[in-house]
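Below are the chains, spelled out letter by letter.
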Amino acid sequence: MQDDPRDKTHLTQEDLLNLNFIRRHPAFIFRRHHRSGLRSHIFQVLDPTEVQRERDGVLRNGLRAFPKAKPLKMLRIFRTRFKNRHEAEEELKRVKWVDTFLAPHHLARSNEFLVDLMVGRRLEPILCGLQDYVEGETVDPWSSLDRNHLGSLQKRIFPPGISLSSAEIEAWIQTVREKARDLIYRLKRLIEEAGFVPDLAGSGNLLLTHTGHIKLVDINNISRISFDSAIPLDDRGYPVCDKSIEALSLLEEKLLLKPIDRGERIYSFFLDPDRMKRVRELEREFHRTSPVGSYTD
C-alpha cells in the first residue's frame, strides 16, 4: 500500500514514481523544487538530456561548463483533501477564473487535472497541475519597491553578461510600473466581477520577470471575497483573503507611486483600522503555531 503523499513533508522522486497515477518509467526526470510548501508538492519536470549535460558538463572554448537544467514545466501535487469530486471541481473553477483575468502576461499558466489517488483500498480525488516555468525574482509587497529596490532586482534578473545603461535601467523600471498598473487593474476586475482574490501575500507567490511583468506563480489558495465582519481563515488558519487585499494595496501604492483610494469598497472595508488590527492578531497566532514558522504558498 502506498503512503499518502498529502501527509508527507517532502516527496522524493522515488515517492513520486510510486504514485499510482505516475508512470514508473517516465520520459522526463522529476526534481523536487525548493518552493514545495504548505499546500503542494512541487517538482521540476526536466529533459534527461539537459540533466546529463548538467551532470557531465560541456566543453566551451576549452573550458568545461556545467549548465543547470532548465525546467520544461512544474508539476504540482496539491495536499488538499476533497470530500468528493464535486468539491475538487469547484476548486478548478476558481483557478479558471484567475486564468481568465490574469493570463497570459500576469500568470504562470497551469493545466490542472484531477486524478484518482489510491489510498489503502479507496480511490480519492487529488488535484494536480502542470504549470509553466517562470524565471524571475520575488516581489514582496511589504518591501520598499522603490527605484533602488527595483534596480537591484533587475541586476539579479538579467544574465551577468548583459549590461544595461542607466537610461535602459530607468526605462525598464518604468516598464515594470506600467505593467504593474495592468496587473492591479486585472486583479480588481477579478475581485469585483468574479468575487475571488488569489494569494498575493505568500512568500514567493509573485515573480518579476525580465520583460517587466509581475507573474502570479501560486494558485493554490484562492479566496472568495466576502464583505462580512468575520475574518475568514484558510485551511491552515491564515487570514489570506485580508492579507491579499493588503498586499494589493501596497503594490498599487508603491509601484504606481500614488496613494490608494481608500474610498474604494475593497479598501474601505478590508483596510479598516480595527479590522486590520484583528487580522494582525490572527497572523501572529498563525506564526506562533505554524510548524514551518512562516507563511509560504
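As shown above, the structure is provided for reference.
As the structure is a computational prediction, the values presented were derived from the model and not from experiment.

Student: Give a description of the overall build of the chain that names residues and reports values.
Tutor: Scanning the chain for helices and strands turns up 8 helices and 12 strands. The C-alpha radius of gyration computed for the chain amounts to 21 Å, which stays within 12% of the reference 19 Å derived for 297 residues, consistent with globular compactness. Each principal axis of the C-alpha distribution contributes one length, and for the chain these read about 60 × 55 × 35 Å. Relative to its full complement of 297 residues, the chain shows a buried share of 48%.

Student: Residues and numbers for the pattern of salt bridges, please.
Tutor: Inspection of every chain in the model, using the stated rule, returns 28 salt bridges. With a closest N to O distance of 3.0 Å, Arg39 and Asp235 form a salt bridge. Remark: Asp235 occurs in the loop between strand S12 (223-224) and helix H6 (240-255) and Arg39 occurs in the loop between strand S1 (29-32) and strand S2 (40-46); sequence separation between them is 196 residues. Taking relative accessible area as the criterion, Asp235 reaches 56% and is therefore assigned exposed.

Student: Give me the sheet that holds strand S11 (residues 214-216): which residues, what numbers.
Tutor: What the 3 strands build is an open sheet, ordered S8-S10-S11; its pairing is antiparallel. With partners counted over all chains shown, the strands left at the sheet margins are strand S8 (137-138) and S11, one partner each. In the sheet, S8 pairs with strand S10 (residues 206-208) via 2 bridges, with the strands oriented antiparallel. Its bridge partner lying in S10, Glu137 is registered against Leu208.

Student: Explain the environment of Ile245 to me, using residue names and the numbers behind them.
Tutor: As for its placement among the helices and strands, Ile245 is situated in helix H6. A residue is classified by how much of its surface remains accessible, and Ile245, at 0% relative accessible area, is buried. In this structure, the C-alpha to C-alpha distance between Ile245 and Leu271, residues 26 residues apart in sequence, is 8.0 Å. If near-sequence neighbours (up to four positions away) are discounted, Ile245 is found in contact with Ile191, Val197, Ile225, Ile266, Tyr267 and Phe270.

Student: Go over the pairing of strand S6 (residues 110-119), please, and point to the residues and values.
Tutor: Relative to strand S7 (residues 122-131), S6 is paired through 10 bridges, and the arrangement is antiparallel. Paired with Ser110 across the bridge in S7 is Gln131. The turn joining S6 and S7, which pair antiparallel and follow one another in sequence, is formed by 2 residues; a positive phi near 65 degrees is taken by Gly120.

Student: Got a sec to walk through the nonpolar core? Specific residues and values, please.
Tutor: Core analysis: the biggest nonpolar cluster contains 45 residues, and Val98, Leu208, Ile214, Leu216 and Leu248 have the highest contact counts within it. Of all the secondary structure elements, the ones that give two or more residues to this core are helix H3 (85-102), helix H4 (147-157), helix H5 (166-194), strand S9 (196-197), S10, S11, H6 and helix H7 (265-270). If you look at the next biggest cluster of nonpolar residues, it comprises 15 residues, including Phe30, Leu75, Leu117 and Ile126.

Student: Can you explain the side chain of Lys215? Please cite residues and give values.
Tutor: Here Lys215 lies in strand S11. If we ignore the near neighbours within four places in the chain, the residues touching Lys215 are Pro104, His105, His106, Leu107, Ala108, Val134, Asn205, Leu206, Leu207 and Thr209.

Student: Lay out H3 with the relevant residues and their values.
Tutor: With 18 residues, H3 extends 26 Å between its outermost C-alpha atoms, agreeing within 8% with the 26 Å of an ideal straight helix rising 1.5 Å per residue. Turning to H3, its buried residues are Ala88, Glu91, Leu92, Val95, Val98, Phe101 and Leu102. For H3, the secondary structure elements touched by its buried residues are S6, S7, H5 and S11.

Student: Can you break down empty space enclosed by the protein residue by residue, with the values?
Tutor: Tallied over the full model, the rule gives 1 cavity of 30 Å³ or more. Approximately 40 Å³ is the volume found for the largest cavity. Around the largest cavity, the lining residues are Val95, Asp99, Leu107, Ala108, Arg109, Ser110 and Ile219. Residue composition of the lining of the largest cavity, by class: 4 nonpolar, 1 polar and 2 charged.

Definitions and limits used
Residues numbered from 1 in each chain as written. Predicted model: local features only at pLDDT ≥ 70, side-chain atom pairs only at ≥ 80, totals over all residues. Heavy atoms only, no water. Helix = DSSP H or I, 4+ residues; strand = E, 2+ residues; numbered from the N terminus. Rg over C-alpha atoms; globule rule 2.2 N^0.38 Å. Buried < 20%, exposed > 50% of the residue type's maximum accessible area, 1.4 Å probe, protein only. Salt bridge = Lys/Arg side-chain N within 4 Å of Asp/Glu carboxyl O. Pairing = 2+ DSSP bridges. Contact = heavy atoms within 4.5 Å. Core = buried A, V, L, I, M, F, W, Y, C linked by side-chain atoms within 4.5 Å. Expected span 1.5 Å × (residues − 1). 1 Å grid on protein atoms, 1.4 Å probe; cavity = no way out; pocket = protein on both sides within 12 Å on 5 of 7 lines; lining within 4 Å. Points joined across faces, edges and corners; volume = space filled by probe spheres on them. Nonpolar A, V, L, I, M, F, W, Y, C, P; charged D, E, K, R; others polar.

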